Amino acid sequence: MLLSVPKIHTDLLWVLTMVFSGLGILYFFFVFILRNRISAKASKIASKKKILGPMISNFLFFETDSSKEEKSEYIKLKIEIRELLKEPFNRAVLAEILLDLQKDVSGDARKRLFKIYQDLDLHLDAFEKLKSWRWEVVSKGILELTQMQVSTAYGFIKKFINHKKGVIRKQAQIATVSLKHEGIGYFLDTARFQISEWQQLKLLEVLRNIEDFDPPRFKAWLTSKNKDVVLFALRLIKYYNQNDADAALVELVKHKNDQVRSEAIQCVKEFNVYEALDVMKAVFRKSKVETKIQILDTMASLGKDEDLVFLERIARKSSNFLVKSKAISTINEIAPGTFLPTEGIDKKIPTQNFKNNVESSSTQLPEVMDDNESQQEANAPASGKNEESLEFEDYLNADQENEIIFDLCFMEELQDILDEYDESEEEVNVLPLDFLPVVSEGEEIDPDTGAHIENEENEAEDEEKFRKELETILATIKSPEEDVPADPVETELGFIPIVVETEVEEQSENPIESSDEAILLIEVNEMEVVEAEEISNLYSGNRETLIIPEPELEGYETKNQNSIDWKAFTTDSGFAFNAEYPTTYGEKISNEDKDDGINENSSPDIEFKGFSIFQELFRSCDTESKLILLDEILAVGDEKEVHFLKTLSNDSNKKVRAKAEVILKELLEVLAPEEEIETNDFIKDTENTPFIEEEKILICPEKSRNDSDLSQEIDTMKPLEHCFLEVGDHKDDEDLLFELDFEPVDSSLEELQENSNPNEAVVQEQVKKEEKLFDTLIRNIKLFPQKLKGKTNG
Amino acid sequence: MVRKNLLLAEDDELLASLLDYRLQKGGYNVHVAHDGRDVKEYLKTATPDIIVSDIMMPYFSGIELIDHVRNDLNSKIPIIIISSAGNEENVLSAFELGANDFISKPVSPSELLVRVGRELNKP
């Protein structure tokens, strides 16, 4: 069946077309008319504004002390404007001008604007608007009165606070609060409608901008039946820090409304209301997640130990992840470290400091295991998981195993050395390893991959351990002749030919640290020995790769190529000794003999000459910078810089050397009152005392000399740095092991000693014995790493 | 005493007339420009002793004005910027380009007068 098109009468179509076309034309006509009317009005307003604007400016900036002409002009303007204001349109335009201007101007001009507005009775028009039946007109009238600060409108506007129309109500609330200081109170008292968050923010903004505003005690409105008033009052309490509402806050924590409760909890936290803790615990279960987190957050800052039970229960039982994690963090806030991380933690690694374990591992391996297990067990309940005790094999990984084996071997080897030492029945007072510029690699080598493994964590522990082991050795080695325990410093360095320095600074108690500093000073003197870090690694690095390299001691070598003048070495390394301390060990003994075995100076104070900060700066700067730094030394330097300047007097750079000497002189003059003694001693040290001559001889031992021309030799002696520079060949790393020789280094010195000491033969014999003994000891130590490698490799 | 020329670039006519009146009363010959094009045209024919300009203007903003004066005209005329509050980025840009001073809206005409005087009296 075919569909037939309905027949439409053509005339009807034409009629409809005409109607719709007419409507369209009418619409566009009205739009055109309306637009023209609006634009005409706008242009009229603009032109009026152009007329009224300058008049307003004239009114605004009129000053009473103006000239007569200005005053007469002002009066004319006033009359003119009065005439203009008879027209409502002009009044509206003028009000608009003033409303616009009050936004753009501030200060005195703004106050004048408000005054003009009321003087011209423009506020009366605004009052009329309040009577309008159109809500937008009323709202506009309220806004106008508010913006122009017409305080007399307060009584009229406050009636609109509970207006059924939201726009009028909100406008009236803002007007009430801004027009008078007591407006906020009236508003909070009478507000019956909801106060939106935005409205609260606007009201707060208004309050903030009121000058000299004295806020009322907002706790009075915490009892309001309007929950929004309570909420706003809580926020105002918090904003104005009114902490006198503790009891009400505690009650409000129990409020059924979560928003009020949340705000009350915030206030509790803000004002540290401890009384609210129990209430918070009570309401916790019924609260929303956000409120629960807030309660936990508050408890984190206010909570005590007795709250931990409650919190642990929440942490254990809460199904919500956020609440649970917040509870855990709260517990950790109250009792730090209660909960430790459990996720992604390698539980095979013992938590306890491994240092203690290693120390006791040589004899008490089972204890190590127990300790770690107990630590693991202690952590297990905290993590809330029942973890099985770990077997020793589970967590003792390959690295730790190697370390324990290493310690066992190390102790065993040290014991062997000590045994040999005892068998030799020699007497040595010291094991003076501290000063040795010993280096070990700072990284462990993985036995499997051969890769370097960072071992920074154990560095400090290893250093401590190594120190203890050395102390054990030192304690074992005792001199039978020493009835009275010698001063530790003397004990360590007594065998060394000692250089005397009058100035005595603080005694370093830690020999290893002394050694470190000594080596650092060697570095400063451009001896390419070892980096300070490498030195520290000696005590912390892998024992398997322990290397005891021979320092580059060229220049300190005596006539015997394999012997080292330790006196010169230690002197230039920064060691300083008591001036009255004997120069050599033999001399010391002779002194003791002279004093019938009682030597008052038998405990010399071994000291550094003080580390000048400029030494470090000098290392990495050019000549000009050095010269500038030298000037600064004079300005800020003290006795520490004296020694440094002395070393600079041997600097390779002529300019630096010359300037250093000048600065040294000037600095000594500046320090003269304080350093008189030191300076005198320095002069004595460098010019008069025989042991200094000896020192200089030792520095350049290749020179032949005799007693008569000692002073001449001192003059011709090369600076220490030159000695280093001249010696070119460096031994291979494999040969970097000490070869020490403590034989007398100079025949003239022996002669001197012979002349001065009748017991010289005995003394020399003792010295030689000690030196041989020390040689043996050092050789054993140098072979130790090789033996150790052999042992650790199985 | 010679009155110094001041170019006031402000698109708000009311505010411009108010400031114009105050500045003239303060002893300056004020030329008011309501947009950037006016400013450019004026600068082609005259060199003011100081420019007071709003940052936000039609056709040619205050920032562009500073750039034009400093870079195109190579002039060191003191420039005081008027900016509405919360427009710190523009103010910083203005200072980077060479603005001498800044005053924020709402403007205190008396304060502006003091700032203008201070800029002109700088050595």
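Above this note sits the structure.
Residues numbered from 1 in each chain as written. Chains lettered and ligands numbered in written order. Predicted model: local features only at pLDDT ≥ 70, side-chain atom pairs only at ≥ 80, totals over all residues. Heavy atoms only, no water.

Another point: helix α5 (residues 122-130) of chain A. Note on helix geometry: an α-helix contains 3.6 residues per turn, so any two residues three or four positions apart are oriented the same way. Residue and element names in this part refer to chain A. For α5, the full list of buried residues reads Leu122, His123, Ala126, Phe127 and Leu130. Buried residues along α5 cover an arc of 155° about the axis, so they all sit on one side. If you follow the buried residues of α5, they end up packed against α3 (88-104), α4 (108-119), α6 (135-147) and α7 (154-157). (Buried < 20%, exposed > 50% of the residue type's maximum accessible area, 1.4 Å probe, protein only. Helix = DSSP H or I, 4+ residues; strand = E, 2+ residues; numbered from the N terminus. Arc of directions from axis to C-beta. Contact = heavy atoms within 4.5 Å.)

Residues Ile56(A), Ile142(A), Ile157(A), Leu6(B), Leu112(B) and Val116(B) are the most contacted members of the largest nonpolar core, which totals 64 residues. For this core, the leading source of residues is α3(A), giving 8 residues. Excluding anything up to four places from it in sequence, Ile157(A) contacts Leu130(A), Ile142(A), Leu145(A), Ala172(A), Ala175(A), Thr176(A) and Leu179(A). Ranked by size, the runner-up nonpolar core spans 57 residues in total, among them Leu188(A), Leu296(A), Ile314(A) and Ala315(A). (Core = buried A, V, L, I, M, F, W, Y, C linked by side-chain atoms within 4.5 Å.)

Quite often, the size of an interface is put as the accessible area lost when its parts meet. Counting from both sides, the interface comprises 14 residues of chain B and, opposite them, 18 residues of chain A. Interface of chain B and chain A: buried area, both sides summed, is about 1400 Å²; carbon and sulfur atoms make up 63% of it. A per-residue breakdown of the area chain B buries against chain A is headed by Leu14(B), Leu18(B) and Tyr21(B), which together make up 42% of the total. At the junction of chain B with chain A, the criterion picks out 0 salt bridges. Between chain B and chain A we count 6 residue pairs in polar contact (both at pLDDT 80 or more) in total. For the side of chain B that touches chain A, the element with the most residues is helix α1 (residues 13-25) of chain B, which contributes 8 residues. Looking at the side of chain B that touches chain A residue by residue, the class counts come to 7 nonpolar, 2 polar and 5 charged. (Buried area = accessible area lost by both parts, 1.4 Å probe. Salt bridge = Lys/Arg side-chain N within 4 Å of Asp/Glu carboxyl O. Polar contact = N/O pair within 3.5 Å; in protein donor to acceptor, adjacent residues only side chain to side chain. Nonpolar A, V, L, I, M, F, W, Y, C, P; charged D, E, K, R; others polar.)

Tracing the backbone shows Asp20(B) in helix α1. Not counting chain neighbours up to four residues away, the residues in contact with Asp20(B) comprise Leu8(B), Val30(B) and Val32(B).

Here we take up the side chain of Asn162(A). Summarising the element assignment, Asn162(A) is placed in the loop between α7 and α8 (166-179). A polar atom in the side chain of Asn162(A) sits 2.9 Å from the backbone nitrogen of Arg192(A).

As a further point, take helix α2 (residues 36-45) of chain B. Residues and elements named next belong to chain B. Taken residue by residue, α2 has Gly36, Val39, Tyr42 and Leu43 as its buried positions. Buried residues of α2 fall within an arc of 125° about the axis and therefore sit on the same side. Away from its buried face by more than 90 degrees, α2 exposes Lys44 and Thr45. Contacts from the buried residues of α2 go to β1 (4-9), β2 (28-33), β3 (50-54) and α3 (62-72). Put simply, Asp35 is the residue that caps the front of α2, since its side-chain oxygen is 3.0 Å from the backbone nitrogen of Arg37.

Pairing between side chains becomes possible if they bear opposite charge and their charged atoms approach one another. Under the defined criterion, the tally for this structure stands at 31 salt bridges over all chains. Linking Lys49(A) and Asp100(A) is a salt bridge whose minimum nitrogen-to-oxygen distance equals 3.4 Å. Taken together, the residues span a long stretch of sequence, with Lys49(A) in helix α1 (residues 10-60) and Asp100(A) in helix α3 at a distance of 51 residues. With relative accessibility at 26%, the residue Asp100(A) sits in the partly exposed group. Here Lys105(B) ties to Glu10(B) by a salt bridge, and the two come within 3.7 Å at their closest N and O atoms. Remark: Glu10(B) occurs in the loop between β1 and α1 and Lys105(B) occurs in strand β5 (residues 101-105); sequence separation between them is 95 residues. Overall, Lys105(B) belongs to the buried group, its relative accessible area being 18%. On the basis of relative accessible area, Glu10(B) is assigned to the buried category, the value being 0%.

This paragraph deals with the packing of α1(A) against α1(B). Close contact between α1(A) and α1(B) brings their axes to 9 Å; oriented N to C, the two are set at 40°. Between α1(A) and α1(B), the interaxial angle falls into the category oblique. Here α1(A) runs over α1(B); the crossing is right-handed. Touching Lys49(A), Lys50(A), Gly53(A), Ser57(A), Asn58(A) and Leu60(A) of α1(A) are Glu13(B), Leu14(B), Ser17(B), Leu18(B) and Tyr21(B), all from α1(B). Residue composition of the contact of α1(A) with α1(B), grouped by class: 4 nonpolar, 4 polar and 3 charged. (Axes fitted to C-alpha atoms, helices over the stretch in contact; angles between N-to-C directions. Parallel < 35°, antiparallel > 145°, perpendicular 65-115°, else oblique. Left-handed = near helix turned anticlockwise from the far one by under 90°.)

What follows deals with the sheet that holds β1(B). Whenever strands of a sheet pair, they do so through backbone hydrogen bonds, lying parallel or antiparallel. Residues and elements named next belong to chain B. Taken together, 5 strands build an open sheet; the order of strands is β2-β1-β3-β4-β5 and the sheet is parallel. The two strands at the open ends of the sheet, each matched to only one other strand, are β2 and β5. For this sheet, the mean inter-axis angle between neighbouring strands, taken without regard to orientation, is 20°. Both β1 and β2 contribute to a ladder of 6 bridges, which runs parallel. In the sheet register, Ala9 faces β2, and the bridge partner there is Ala33. Across the sheet, α2 is in contact with β1, β2 and β3; its angle to β1 comes to roughly 155°. (Pairing = 2+ DSSP bridges.)

Turning to the packing of helix α13 (residues 258-270) of chain A against helix α15 (residues 289-302) of chain A, a few remarks are in order. Residue and element names in this part refer to chain A. For the pair α13 and α15, the least separation of the axes is 9 Å and the interaxial angle reads 10°. Judged by the inter-axis angle, α13 sits roughly parallel to α15. By crossing handedness, the relation of α13 to α15 is classed as left-handed. Where α13 abuts α15, its residues Asp258, Arg261, Ser262, Ile265, Gln266, Val268 and Lys269 lie against Thr291, Gln294, Ile295, Asp297, Thr298, Ser301 and Leu302.

The quantities given are spatial measurements derived from coordinates; they are silent on function.
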